[in-house]
Amino acid sequence: MTKQLNIIALTQGANINVFLGLLEQLKETGHAVGKVGALVSFARNFMESEIVRDYQGDITYLKEWDVVEKSRQQRVSKPDIRRIEDDLTPAAMWNAILGDRRLIYGKRSKFVQDYRVHFTDEELWSIVYQFSLAFGEMLDLIKPDVIVGFTPVTFGELLGLEIAASRGIPTLQLHSSRIQNYFALHDVVSGTSRHFLDLMKADKFKSESREVAQKIIHDTSKKGLIYEGANKSIAKGRKFEPLKAMKELPGYIKGEINKFRNPVLRRDHHDPGFIWPWFYLNWRQPLAERYIKARLEFSGRLVGLNNIEELGEFCFFPLQSEPEVSLQVLGRPYHKNQIELLRNVAASLPAGMKLVVKEHPRSLGLRPYSFYKTLFDIPNLYLVDVHAPSIPMVSACKFVAVISGTIGFEAVMMGKPVLILGHPKYEDIPGKMTRKCYDLFEMPKDIRTLLKTYKFDAKHIESFICALIEGSVAIDLYSNLLKKPGRHSFQDGQVSVEEDLQKLAGYTMRRIDEVRAK
């Protein structure tokens with residue numbers, strides 16, 4: 001008799017819908033599913049989900065909004081929380097707090113740069129303490145063989161992964177591989193998943209995989225990496241459409257009233273409501289973007305593609321969007337502090353080399369002008385137009401410095417040295433094409449070593465991409481399964497939700513078998 005699979009899912013927002021669809025596919029394909037638990041966040045999405053309402057299976061839910069509400073009523077003593085933390089990796093609880101933008105920034109952090117913390121110290125510690133107790137109880141109840149999730153962005157997901165690791169429970173998180181529509185279940189939160197390293201070590205790739213990898217390398221040098229789920233509209237700038245915004249306002253007001261009437265939704269720390277998003281998306285952001293672009297034109301430190309060569313040798317640094325998992329989780333030491341990192345990079349370059357910085361398209365209109373003014377106070381630093389394509393910048397630069405952005409992966413394929421300052425998924429590309437720098441005192445030495453020892457190796461790059469292909473599954477997660485509008489799709493509606501879920505189910509069982517065998 002086949003042993004039943006006990007499983008816990010760590011989800012946020014609409015990802016619970018994907019998990020429930022995955023469960024159905026596992027059952028339909030004959031897999032024995034036993035006890036199931038799920039961590040959920042964002043009460044409004046959970047309560048309005050038809051899939052959640054119609055699902056017939058028995059699931060134990062742990063709701064983050066309930067944890068936050070309980071933490072407001074019950075405080076925690078230092079000995080109690082220290083006792084729990086002692087079983088985890090150092091600073092695991094801080095990592096969970098810092099990784100969740102709605103704890104360390106606030107409800108509106110997605111729409112405007114706001115570094116204010118909206119919880120007291122005691123409230124933050126109470127939240128992670130109450131979650132640790134509740135999650136421990138779920139583990140005792142479900143006794144999971146594996147924990148699956150998505151890119152972790154909430155305190156519950158991040159802390160849940162730490163607690164699971166402390167108990168020896170294997171975990172898998174679904175991430176984009178940043179090539180086409182390949183997604184992989186990673187067995188580590190940051191850095192390169194171990195199953196990719198195993199595939200590269202075995203070096204037994206199919207000829208079809210090598211052909212796809214070679215084409216990706218060739219195409220990237222022309223137009224950069226295009227991958228499923230990327231937002232197609234942000235790179236063009238935000239539209240200011242006041243008439244359209246006013247027509248939509250009554251619907252937003254109605255939604256805000258309904259939210260206020262519901263005591264659960266009213267208290268959910270994840271929910272920014274309706275009116276504030278309407279105001280920021282339709283008015284503040286597009287107007288702020290135009291104002292900042294106009295001010296930057298007169299800064300004297302803004303360069304364009306047509307005169308970039310006049311600077312001579314330069315290092316290219318693409319800013320990370322804030323708040324974002326690539327910075328808060330994969331680049332934790334630079335959390336809220338990219339400016340000081342840039343100050344150190346600019347002062348670590350070889351004599352005469354400049355630092356050229358490009359703002360993330362998503363962030364223009366969210367940060368205040370004072371952010372850029374402070375950048376211009378850094379000697380040796382220049383800013384390039386936010387809407388200028390990155391590929392020509394990579395081609396023209398001496399090397400690229402990144403925290404964890406995709407541009408670093410593109411640069412490797414384009415034959416440029418890359419200084420890695422965080423823990424991106426491509427950090428373990430073999431060879432001497434990248435160098436990791438996690439000590440600011442050593443940065444000048446690391447840059448010099450990178451430039452002196454750099455050696456392009458197409459075979460290593462090809463091997464890494466082949467590992468991504470054969471260790472992943474080709475699905476349209478964002479555009480098809482999550483139905484997010486304005487995203488790049490590689491299937492253009494030609495594949496049904498059920499077909500993508502079937503592929504994901506087969507791949508998930510393969511990865512579960514792999515991690516359970518170790």
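Residues numbered from 1 in each chain as written. Predicted model: local features only at pLDDT ≥ 70, side-chain atom pairs only at ≥ 80, totals over all residues. Heavy atoms only, no water.

Peer 1: Teacher, can you tell me more about unusual backbone geometry here?
Peer 2: The phi torsion of most residues other than glycine is negative, and most of the peptide bonds are trans. Following glutamate 322, the chain continues into proline 323 via a peptide bond in cis, with omega recorded as -10°. When you line up the elements, proline 323 lands in the loop between strand S8 (314-318) and helix H15 (325-328). The phi dihedral of lysine 336 is positive, around 60°, even though this residue is not glycine. Position of lysine 336 among the secondary structure elements: in the loop between H15 and helix H16 (338-346). (Helix = DSSP H or I, 4+ residues; strand = E, 2+ residues; numbered from the N terminus.)

Peer 1: Explain the packing of aromatic side chains here, please?
Peer 2: Aromatic rings considered in pairs are described by the distance between their centres and by the relative angle of their planes. For the structure on display, the rule yields 16 aromatic pairs. Measuring from ring centre to ring centre gives 5.3 Å for phenylalanine 371 and tyrosine 372, while their planes differ by 80°; the resulting arrangement is edge-to-face. Their ring planes at 90° and their centres at 5.8 Å tell us that phenylalanine 409 and phenylalanine 464 sit as a pair that is edge-to-face. Placement of phenylalanine 409 in helix H19 (residues 406-413) and of phenylalanine 464 in helix H21 (residues 458-470) is noted, with a sequence separation of 55 residues between them. Side by side, phenylalanine 409 and phenylalanine 464 carry an identical accessibility label, which is buried. Taken together, Phe111, Trp276, Phe279 and Tyr280 form an aromatic cluster joined through their ring pairs. Over the ring of tyrosine 105 we find lysine 336; its NZ or CZ atom is 4.8 Å from the centre of that ring. Across the ring face of phenylalanine 371, the terminal group of arginine 367 is positioned such that the distance to the ring centre comes to 4.4 Å. (Phe/Tyr/Trp six-rings, centres within 6.5 Å; stacked < 30°, edge-to-face > 60°. Buried < 20%, exposed > 50% of the residue type's maximum accessible area, 1.4 Å probe, protein only. Lys NZ or Arg CZ within 6 Å of the ring centre and 35° of its normal.)

Peer 1: Sorry, what's going on with the pairing of strand S9 (residues 354-358) here?
Peer 2: On any regular strand, side chains alternate: one points to one face of the sheet, the next to the other face. Taken across its 5 residues, S9 has 4 buried, putting it largely inside the fold. Across 5 bridges, the pairing between S8 and S9 is parallel. Note that in S9 the partner of phenylalanine 316 across the bridge is valine 356. Where S9 and strand S10 (residues 381-384) come together, 4 bridges link them in parallel fashion. Residue pairing for S10: valine 357 is matched across the bridge by leucine 383. Traced from S9 through helix H17 (residues 369-376) to S10, the parallel crossover comes out right-handed. (Pairing = 2+ DSSP bridges. Right-handed = clockwise from strand over helix to strand, strands pointing away.)

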